Amino acid sequence: MMRTLLCFGDSNTHGTPPIVTRGEAYRRFGADTRWPRVTASMLPDWEVVEEGLPGRTAQFPDPVMGAHMDGREGLKIALQSHGPIDALTIMLGTNDTKTRFGATPGKITAGIAGLLDIAMSLEMQARHGGFRILVISPPTVLEQGPIRSEFSGAREVSLQLPALYAALAQDRGVEFLDAGSVIEVSPVDGIHFGAEAHRRLGAAVAEVVARL
């Protein structure tokens, strides 16, 4: 029997390549490269649903990109659009480190807690017949490249997120993966993953999901 994995995240779940020039045309890695598809290729008994939105945050409506970047509303929509699911991955927080949000590491972690509150609610769990959750902390921001001005101060904040996410996951009884222990962001823009990083992360996620 096929099981379903919902991968919820931002541009790095969507498959946006490293940005070379600010304002460049839309690009996306092919299905053979994006980490959720890599995960799917290693889990033959699982269907993988990609729900990655470039610019998505865990909790903030974006004054530039739009109110729909708030992951709380996005997660509600995703959980009501797909299903029943058996597992959910959440990898968010990179965009929350943008300078314009002024968010502390604790505030960003609180945003992830809010997403877990939604996913673990009686309504959502009953809707899907129960599902497991994997929280993934994104790798550390580098603050370099063509969009570095949007992430001034982000590296110091992002360095603290893995430990906070891990503690939150333990408290909530969900799985945890530190993506930064597996991959690094591309030095081209300091935010996005290169093709090889996608492949490594996809394999790491598949290993965790297979144990669920």
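Residues numbered from 1 in each chain as written. Predicted model: local features only at pLDDT ≥ 70, side-chain atom pairs only at ≥ 80, totals over all residues. Heavy atoms only, no water.

To continue, consider the side chain of Asn 95. Along the chain, Asn 95 falls in the loop between β3 (87–91) and α4 (105–119). For Asn 95, the residues in contact, after removing those within four places along its chain, are Asp 10, Gly 55, Arg 56, Thr 57, Phe 101 and Phe 151. (Helix = DSSP H or I, 4+ residues; strand = E, 2+ residues; numbered from the N terminus. Contact = heavy atoms within 4.5 Å.)

Take unusual backbone geometry next. With an omega of 0°, the peptide bond between Gly 83 and Pro 84 qualifies as cis. In this structure, Pro 84 sits in the loop between α3 (71–81) and β3. Look at Glu 143: it is not a glycine, yet its phi comes out positive at around 55°. Residue position: Glu 143 is located in the loop between β4 (132–137) and α6 (154–158). Looking at Glu 143, the relative accessible area reads 32%, which means it is partly exposed. (Buried < 20%, exposed > 50% of the residue type's maximum accessible area, 1.4 Å probe, protein only.)

This part is about the packing of α3 against α4. Two numbers describe how α3 lies on α4: the axes approach to 10 Å, and their chain directions differ by 25°. Taken as axis vectors, α3 and α4 run roughly parallel relative to one another. Handedness of the α3/α4 crossing: right-handed. Between α3, through Gly 71, Arg 72, Leu 75, Lys 76 and Leu 79, and α4, the contact on the second element is made entirely by Leu 115, Ile 118 and Ala 119. Here the residues of the contact of α3 with α4 are counted per class, giving five nonpolar, one polar and two charged. (Axes fitted to C-alpha atoms, helices over the stretch in contact; angles between N-to-C directions. Parallel < 35°, antiparallel > 145°, perpendicular 65-115°, else oblique. Left-handed = near helix turned anticlockwise from the far one by under 90°. Nonpolar A, V, L, I, M, F, W, Y, C, P; charged D, E, K, R; others polar.)

What follows covers the side chain of His 192. Its place among the elements puts His 192 in the loop between β5 (175–178) and α8 (195–211). On the basis of relative accessibility, which here comes to 5%, the residue His 192 falls in the buried class. Separated by 2.6 Å, the side chains of His 192 and Asp 189 make a polar contact. Excluding residues that lie within four positions of it along the chain, His 192 makes contacts with Ser 11, Asn 12, Thr 16, Pro 17, Pro 18, Ile 19, Val 185 and Ser 186. (Polar contact = N/O pair within 3.5 Å; in protein donor to acceptor, adjacent residues only side chain to side chain.)

Quick look at α4 now. In this model α4 runs 21 Å from its N-terminal to its C-terminal C-alpha over 15 residues, within 8% of the 21 Å that 1.5 Å per residue would give. Considered for burial, the residues of α4 that qualify are Pro 105, Ile 108, Thr 109, Gly 111, Ile 112, Ala 113, Leu 115, Leu 116, Ile 118 and Ala 119. Those residues of α4 hidden inside the fold are in contact with α3, β3, α5 (122–128), β4, α6 and α7 (161–172). (Expected span 1.5 Å × (residues − 1).)

Turning our eyes to something else, we now look at the packing of α4 against α7. At their nearest, the axes of α4 and α7 sit 10 Å apart, and the two run at 30° to each other. Between α4 and α7, the angle falls in the class roughly parallel. The hand of the α4/α7 crossing is right-handed. Here Pro 105, Gly 106, Ile 108, Thr 109, Ile 112, Ala 113, Leu 116 and Asp 117 of α4 come into contact with α7, specifically with Leu 161, Leu 164, Tyr 165, Leu 168 and Arg 172. Classifying every residue of the contact of α4 with α7 by side-chain character gives nine nonpolar, two polar and two charged.

A ring pair, where both rings are aromatic, is described by two values, the distance of the centres and the angle of the planes. With the rule as written, the count across this model stands at one aromatic pair. Seen in terms of ring centroids, Phe 60 and Phe 101 are 4.8 Å apart; in terms of plane orientation they differ by 10°. Their pairing is stacked. Taken together, the residues span a long stretch of sequence, with Phe 60 in the loop between β2 (46–52) and α3 and Phe 101 in the loop between β3 and α4 at a distance of 41 residues. (Phe/Tyr/Trp six-rings, centres within 6.5 Å; stacked < 30°, edge-to-face > 60°.)

Across the sheet, which stays open at both edges, the five strands sit in the order β2-β1-β3-β4-β5 with parallel pairing between neighbours. The sheet is open, and its two borders are formed by β2 and β5, each paired with just one other strand. Across this sheet, the average inter-strand angle for adjacent strands is 20°, counted without regard to direction. As judged from the five bridges shared by strand β1 (residues 3–9) and β3, these two strands associate in the parallel manner. Among the inter-strand pairings, Gly 9 is bridged to a residue of β3, identified as Met 91. (Pairing = 2+ DSSP bridges.)

Under the counting rule described, the total for this entry stands at 14 salt bridges. Note that Glu 50 and Arg 28 form a salt bridge whose closest N and O atoms lie 3.9 Å from each other. Of the two residues, Glu 50 is situated in strand β2 and Arg 28 in the loop between α1 (11–14) and α2 (35–42); the sequence distance between them amounts to 22 residues. For Glu 50, a relative accessible area of 24% corresponds to the partly exposed category. Judged by relative accessible area, which is 36%, Arg 28 ranks as partly exposed. Through salt bridges with shared partners, a single ionic network connects Arg 22, Asp 62, Lys 98, Arg 100 and Glu 150. (Salt bridge = Lys/Arg side-chain N within 4 Å of Asp/Glu carboxyl O.)

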